[in-house]
Amino acid sequence: MTDCVLARYGHADLLAIRQILLDVHADAYAAEMDDSFHQTEKFAWFVDHWGARPSFDCVIAFDRGRPAGFAYGATAGLGRETWRGHLSPVPTPGTTFALSELMVRPRWRKTGLAQHLHDTLLGPRPEQLTTLLVDTTHPRVQALYERWGYRKIGERQPFPDSPLYAVMLRGLPST
């Protein structure tokens, strides 16, 4: 594990951290920038969309002042939880945190930083469930989340130009 310093930010901090998030994204997805879904302009829209939510929560890791990675999300909007259509009976509304992004720059990958960001972001959250989406073409990422207690409950493609994602959920009792 690196000696990164983690800092928490909220909705009111978005303007101060927006460029940091965009810069980390550009580095993390440098090899995939020819894919329109991963281009900076689209990611900027997602940052603004999630950051506009009052429940927006973000943790950024800094290594000697340089951003190494981040994790962010917000309480899932009622009726917009990604597990909808995959669970019956449905969980109590308002009890789901949507982990939108967990991103680590290449230099800091495989150091334990991703899990440290994840655990720090979710540690104080009041929601009972956490949901996230994983590109189905990245089975190792899905396996990582499974080791962290998530389980795949279905698949969805939220946008016409997005990849097909595994819908993953953590917090429900095992069946």
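Treat the numbers as computed from the prediction; the structure is a model and nothing was measured. (Residues numbered from 1 in each chain as written. Predicted model: local features only at pLDDT ≥ 70, side-chain atom pairs only at ≥ 80, totals over all residues. Heavy atoms only, no water.)

Caption draft 1: Structural context of the overall build of the protein chain. Broken down by element type, the protein chain carries 4 helices and 7 strands. What you see in the protein chain, going N to C, is helices and strands ordered as β-α-α-β-β-β-α-β-α-β-β. Scaling as 2.2 N^0.38, a compact globule of 175 residues should have a C-alpha radius of gyration of about 16 Å, and the protein chain matches this with 15 Å. With respect to the three principal axes, the spread of C-alpha positions in the protein chain is 45 × 35 × 30 Å. Buried positions account for 44% of the 175 residues belonging to the protein chain. (Helix = DSSP H or I, 4+ residues; strand = E, 2+ residues; numbered from the N terminus. Rg over C-alpha atoms; globule rule 2.2 N^0.38 Å. Buried < 20%, exposed > 50% of the residue type's maximum accessible area, 1.4 Å probe, protein only.)

Caption draft 2: Region of the structure containing the sheet that holds strand β5 (residues 129–135). Across the sheet, 7 strands lie side by side as β1-β2-β3-β4-β5-β7-β6; this open sheet has mixed pairing. Edge positions in the open sheet fall to β1 (5–10) and β6 (151–156), since each of these has one partner strand only. The sheet shows a mean angle of 25° between the axes of neighbouring strands, taken without regard to direction. Its contacts with the sheet place helix α3 (residues 113–122) against β1, β2 (57–63), β3 (66–75), β4 (96–104), β5 and β7 (165–170), and it is angled at close to 150° to β4. (Pairing = 2+ DSSP bridges. Axes fitted to C-alpha atoms, helices over the stretch in contact; angles between N-to-C directions. Contact = heavy atoms within 4.5 Å.)

Caption draft 3: A look at helix α1 (residues 14–28). In a regular helix each residue adds 1.5 Å, so 15 residues correspond to 21 Å; α1 covers 20 Å between its end C-alpha atoms and thus fits that length. Those residues of α1 lying buried are L14, I17, L21, L22, V24, H25 and A28. Projection of α1 onto a plane perpendicular to its axis shows the buried side chains occupying an angular sector of 165°, all on one side. Those residues of α1 that are exposed and aimed more than 90 degrees away from the buried face are L15 and A16. (Expected span 1.5 Å × (residues − 1). Arc of directions from axis to C-beta.)

Caption draft 4: Fine view of the packing of aromatic side chains. In this structure the tally under the stated criterion is 8 aromatic pairs. Ring centres of Y145 and W148 lie 5.3 Å apart, and the angle between their planes is 90°; on these two criteria the pair is classed as edge-to-face. Of the residues examined, Y145 reaches a relative accessible area of 8% and is grouped as buried. Members of the aromatic cluster, connected to one another through ring pairs, are F43, F56, F70 and Y72. Taking NZ or CZ as reference, R53 lies 4.1 Å from the ring centre of W50, over its face. (Phe/Tyr/Trp six-rings, centres within 6.5 Å; stacked < 30°, edge-to-face > 60°. Lys NZ or Arg CZ within 6 Å of the ring centre and 35° of its normal.)

Caption draft 5: Representation of the environment of L117 within the structure. As for its position among the elements, L117 is in helix α3. Between the C-alpha atoms of L117 and Y72, which are 45 residues apart in sequence, the distance is 9.1 Å. Excluding anything up to four places from it in sequence, L117 contacts L6, V59, I60, A61, G69, F70, A71, L102, M103 and V104.

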